[in-house]
Amino acid sequence: AADQVAVYTTVPGEGDVATLKAVVQEGVAAATFASSLTVQHFAELTRHAGYAGPAEALGGAVIACIGPITATAAREAGLRVDVVAAEHTIPALVAALRRHFAEPGGDV
């Protein structure tokens, strides 16, 4: 038998709708997601801000996810996933995003 032990929990931040709208208005080149819950919390925040969901808020931004589970959650939230880190770490996510922008046609 295996024991399941929760070593951390993800909770939504306070969610600043005004800041979200200001950032979206300036334009977003890339958005990174490091867990399925961050995708869900961001989707909720975008709806609170009056967007139809995260895809409307992020427009043509590059969407980068830390791994396949997070990428699935992003797709289920209506996002087009452009980058998935091969190793499920923040350094690998950053490296994958850097490679994406360095590739021909990859810059936004």
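See the structure above.
Described in the following lines is the structure provided in the data block. (Residues numbered from 1 in each chain as written. Predicted model: local features only at pLDDT ≥ 70, side-chain atom pairs only at ≥ 80, totals over all residues. Heavy atoms only, no water.)

Notes on the nonpolar core
Phe 33, Leu 58, Ile 63 and Cys 65 are the most contacted members of the largest nonpolar core, which has 18 residues in total. Put simply, the parts of the chain that give this core at least two residues each are α1 (17-26), β1 (30-33), α2 (36-48), α3 (54-58), β2 (62-65) and α4 (68-76). When residues no more than four places from it in sequence are discounted, the contact partners of Ile 63 are Ala 31, Phe 33, Leu 58, Leu 79, Arg 80, Val 81, Asp 82 and Val 83. One finds Ile 66, Val 83, Ala 92 and Leu 97 within the second-largest nonpolar core, a separate group that totals nine residues. (Core = buried A, V, L, I, M, F, W, Y, C linked by side-chain atoms within 4.5 Å. Buried < 20%, exposed > 50% of the residue type's maximum accessible area, 1.4 Å probe, protein only. Helix = DSSP H or I, 4+ residues; strand = E, 2+ residues; numbered from the N terminus. Contact = heavy atoms within 4.5 Å.)

Observations concerning the pattern of salt bridges
Under the definition given, this model contains one salt bridge. For Asp 82, the salt bridge is made with Arg 80, and the minimal N-O distance between the two is 2.7 Å. (Salt bridge = Lys/Arg side-chain N within 4 Å of Asp/Glu carboxyl O.)

As for the pairing of β2
Both faces of β2 are covered, namely the face carrying Val 62 and Ala 64 and the face carrying Ile 63 and Cys 65. Relative to β2, β1 is paired through four bridges, and the arrangement is parallel. Bridged to Thr 32 within β2 is Ala 64. Both β2 and strand β3 (residues 83-84) contribute to a ladder of two bridges, which runs parallel. Bridged to Ala 64 within β3 is Val 83. In terms of handedness, the path from β2 via α4 over to β3 forms a crossover that is right-handed. (Pairing = 2+ DSSP bridges. Right-handed = clockwise from strand over helix to strand, strands pointing away.)

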